[in-house]
Amino acid sequence: MATRDKPNSYFAWYNDDDRLAIVEKQLDTTSSKGITSGEYDSFYGTTVTDGIRMTIHSKYEDVTVITTALDTTHGLDSSMHSSVLDYVKSRVLEDMGQLEQAQFFRNRFEVSISKKRTRRSGVRFLSVPKL
Amino acid sequence: MTVKDIISQVEMVYGRQSHTYIMQLVNDALLEISSKKQHYTVSATADLIKGQRWYDLPTRTIDIIKVEILDTSTNSRYHLIPKLVDYHSLLKGDPDTGTGDLS
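Here the structure is a predicted model, which is why all the values come from computation and not from measurement.

## Notes on the packing of helix α1 (residues 81–95) of chain A against helix α2 (residues 19–37) of chain B
Working step 1: Running from N to C, α1 of chain A and α2 of chain B cross one another at 125°; their axes reach a closest spacing of 9 Å. Looking at the two axes, α1 of chain A sits oblique to α2 of chain B. For the pair α1 of chain A and α2 of chain B, the crossing hand works out as right-handed. Between α1 of chain A, through S83, V84, Y87, V88 and R91 of chain A, and α2 of chain B, the contact on the second element is made entirely by I22, L25, V26, A29, E32 and I33 of chain B.
Working step 2: When grouped by side-chain class, the residues that make up the contact of α1 of chain A with α2 of chain B number 8 nonpolar, 1 polar and 2 charged.

Put into structure tokens, the structure is as follows:
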């Protein structure tokens with residue numbers, strides 16, 4: 001088995017819709033398993049606790065208790081709380097049959113979402129007008 | 001702001017509402033925001049298991065930003081690993097059985 005120095009040089013990942021695959025490049029040149037050096041296969045070293053860390057874009061956790069805070073517990077930026085309120089109002093009004101007012105709050109929700117900066121780490125682009 | 005605050009504000013204008021109903025609407029709002037903005041980032045860890053190729057993604061995953069492997073040989077740091085694009089270099093193709101070819 002290869003040493004664990006610089007695992008980024010011989011581990012790799014890929015995924016399907018539900019799962020993540022971790023593979024390891026086979027570095028043994030004299031393998032008895034019929035492996036060609038340089039091919040990838042499943043990790044065959046000793047199991048490592050918390051050996052994989054993945055960072056993902058995630059949906060928010062469902063709210064199940066009405067007293068939990070949306071920002072500290074669910075990670076929703078506090079600047080988006082008014083957007084949630086607009087959404088709720090639009091749906092309530094829609095169910096009450098007041099479609100015009102519902103549309104007003106729906107539009108306000110859409111605008112507030114589109115204006116929200118996506119993420120702090122994001123790269124900002126120049127807005128070049130189409131000539 | 002809590003869901004209770006939202007319920008209070010809605011009830012002040014539109015009268016008494018079911019709390020379960022408002023909570024469901026809040027969850028719908030969160031789902032819509034996360035699908036449109038994709039700015040909620042979380043990390044999760046899993047054990048790296050001998051002979052196992054496939055690992056379940058967290059159920060609320062939208063997409064994967066990065067994957068790291070724990071380097072146990074030195075000072076237990078996580079190292080970023082690349083996404084595999086050349087599938088032809090997979091040994092014996094993709095067995096898709098949840099276990100590796102070698103186990």
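## Remarks on the pairing of strand β2 (residues 19–25) of chain A
Across a regular strand the side chains alternate sides, sitting on one face of the sheet and then on the other.
All names here are of chain A.
Working step 1: Of all 7 residues that make up β2, 5 are buried, and the element is covered over most of its length.
Working step 2: Relative to β2, strand β1 (residues 11–15) runs antiparallel, the two sharing 5 bridges. Its bridge partner lying in β2, W13 is registered against I22.
Working step 3: Where β1 folds back on β2, the antiparallel hairpin that results is connected by 3 residues.

## Topic: the interface of chain A and chain B
Working step 1: In this complex, chain A contributes 67 residues to the contact, which on the side of chain B involves 73 residues.
Working step 2: Only β1, β2, β3 (40–42), β4 (48–58) and α1 of chain A provide two or more residues apiece to the side of chain A that touches chain B.
Working step 3: With 11 residues, the single largest contributor to the side of chain A that touches chain B is β4 of chain A.
Working step 4: Pairing of β4 of chain A with strand β1 (residues 41–48) of chain B, which is carried by 7 bridges, proceeds in the antiparallel orientation. Bridge pairing in β1 of chain B places I52 of chain A opposite A46 of chain B.

## Regarding the environment of T55 of chain A
Working step 1: For T55 of chain A, the position within the fold is in strand β4.
Working step 2: Its 15 C-beta neighbours within 10 Å are what place T55 of chain A among the partly exposed residues.
Working step 3: Once residues lying within four places of it in the same chain are set aside, the contact partners of T55 of chain A are T41, S43, I65 and K66 of chain B.

## Digging into the sheet that holds strand β3 (residues 61–71) of chain B
Working step 1: Reading across the sheet, the 4 strands line up as β1(B)-β4(A)-β3(B)-β4(B) and stay open at both edges, with antiparallel pairing between neighbours. Across the chains shown, the open sheet's two edge strands, defined by having one partner strand only, are β1 and β4 (77–81) of chain B. The mean inter-strand angle of the sheet, taken between neighbouring strand axes irrespective of direction, is 35°.
Working step 2: Bridge count between β4 of chain A and β3 of chain B: 7 bridges; the pairing is antiparallel. Pairing of I56 of chain A across the sheet is with I64 of chain B, part of β3 of chain B.

What counts as what
Residues numbered from 1 in each chain as written. Chains lettered and ligands numbered in written order. Predicted model: local features only at pLDDT ≥ 70, side-chain atom pairs only at ≥ 80, totals over all residues. Axes fitted to C-alpha atoms, helices over the stretch in contact; angles between N-to-C directions. Helix = DSSP H or I, 4+ residues; strand = E, 2+ residues; numbered from the N terminus. Parallel < 35°, antiparallel > 145°, perpendicular 65-115°, else oblique. Left-handed = near helix turned anticlockwise from the far one by under 90°. Contact = placed C-beta atoms within 7 Å. Nonpolar A, V, L, I, M, F, W, Y, C, P; charged D, E, K, R; others polar. Buried ≥ 20, exposed ≤ 12 C-beta atoms within 10 Å, placed from the backbone. Pairing = 2+ DSSP bridges.

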